[in-house]
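As a plain string of letters, each chain reads:
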Amino acid sequence: MINYTKFQKLKSDVGEGIINELIKHFIDELSQQQAQLHCYAVDIDHNQKQINDVLHILKNTTNMYGADSLFHIANDNYEKGEVSKVTLLEICSQITCSIESYEKLIQRG
């Protein structure tokens, strides 16, 4: 889930007043990427390049925010260069878990 050491580093870098806005932006970005991946699942063989493009962005942002579980699955599959439909749905499920975790962070303040 969340690597709190990385998250605290980010929070310290940007400041207390900005971190919640960044998290909201991150949640929105994750939601958009999840929607894209669901669309790409319709014709997974044809959309491997687009899926890989999303995974590239996903692995970079999740690493910065400390979403380690999502980072690892995105990074591993990005490096493979090809994703099965089952794996793609697993990634989407992990995105949902990450969104929920970061929403709880915002609620806690």
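No experiment lies behind these values; they were computed from the predicted model shown.

1. Re the overall build of the chain
- A count of helices and strands for the chain gives 5 helices and 0 strands.
- Mapped from its N terminus to its C terminus, the chain presents α and β elements in the order α-α-α-α-α.
- Taking 13 Å as the expected radius of gyration for a compact globule of 109 residues, we find that the chain reaches 14 Å, a close match to that expectation.
- If you line up the chain on its principal axes, its C-alpha atoms span 45 × 20 × 15 Å.
- Within the span of the chain, comprising 109 residues, buried residues form 44% of the whole.
- In the chain, once contacts between residues fewer than 6 apart in sequence are set aside, the share between residues at least 24 apart is 71%.

2. Structural notes on the packing of helix 2 (residues 16–40) against helix 3 (residues 48–65)
- Interhelical geometry of helix 2 versus helix 3 gives an angle of 160° and a closest axis separation of 11 Å. On the basis of the axis angle, helix 2 is roughly antiparallel to helix 3. Classified by chirality, the crossing of helix 3 by helix 2 is left-handed. Listed contacts from helix 3 to Leu22, Ile23, Phe26, Glu29, Leu30, Gln33, Gln36, Leu37 and Tyr40 of helix 2 are Gln50, Ile51, Val54, Ile57, Leu58, Thr61, Thr62 and Tyr65.
- Here the contact of helix 2 with helix 3 is built from residues that sort into 11 nonpolar, 5 polar and 1 charged.

3. Let's talk about the packing of helix 1 (residues 4–14) against helix 2
- Close contact between helix 1 and helix 2 brings their axes to 7 Å; oriented N to C, the two are set at 120°. It follows that helix 1 is oblique to helix 2 by the angle criterion. The chirality of how helix 1 crosses helix 2 is right-handed. Note on element contacts: helix 2 touches helix 1 through Glu16, Ile18, Ile19, Leu22 and Ile23, opposite Phe7, Leu10, Lys11 and Val14.
- Partitioning the contact of helix 1 with helix 2 into residue classes produces 7 nonpolar, no polar and 2 charged.

4. Examining the nonpolar core
- Judged by nonpolar contacts, the single largest core of 29 residues is most densely connected at Leu37, Ile51, Leu58, Ile91, Ile95 and Tyr102.
- Breaking this core down by element, the ones donating at least two residues are helix 1, helix 2, helix 3, helix 4 (68–80) and helix 5 (85–108).

What counts and what doesn't
Residues numbered from 1 in each chain as written. Predicted model: local features only at pLDDT ≥ 70, side-chain atom pairs only at ≥ 80, totals over all residues. Heavy atoms only, no water. Helix = DSSP H or I, 4+ residues; strand = E, 2+ residues; numbered from the N terminus. Rg over C-alpha atoms; globule rule 2.2 N^0.38 Å. Buried < 20%, exposed > 50% of the residue type's maximum accessible area, 1.4 Å probe, protein only. Contact = heavy atoms within 4.5 Å. Axes fitted to C-alpha atoms, helices over the stretch in contact; angles between N-to-C directions. Parallel < 35°, antiparallel > 145°, perpendicular 65-115°, else oblique. Left-handed = near helix turned anticlockwise from the far one by under 90°. Nonpolar A, V, L, I, M, F, W, Y, C, P; charged D, E, K, R; others polar. Core = buried A, V, L, I, M, F, W, Y, C linked by side-chain atoms within 4.5 Å.

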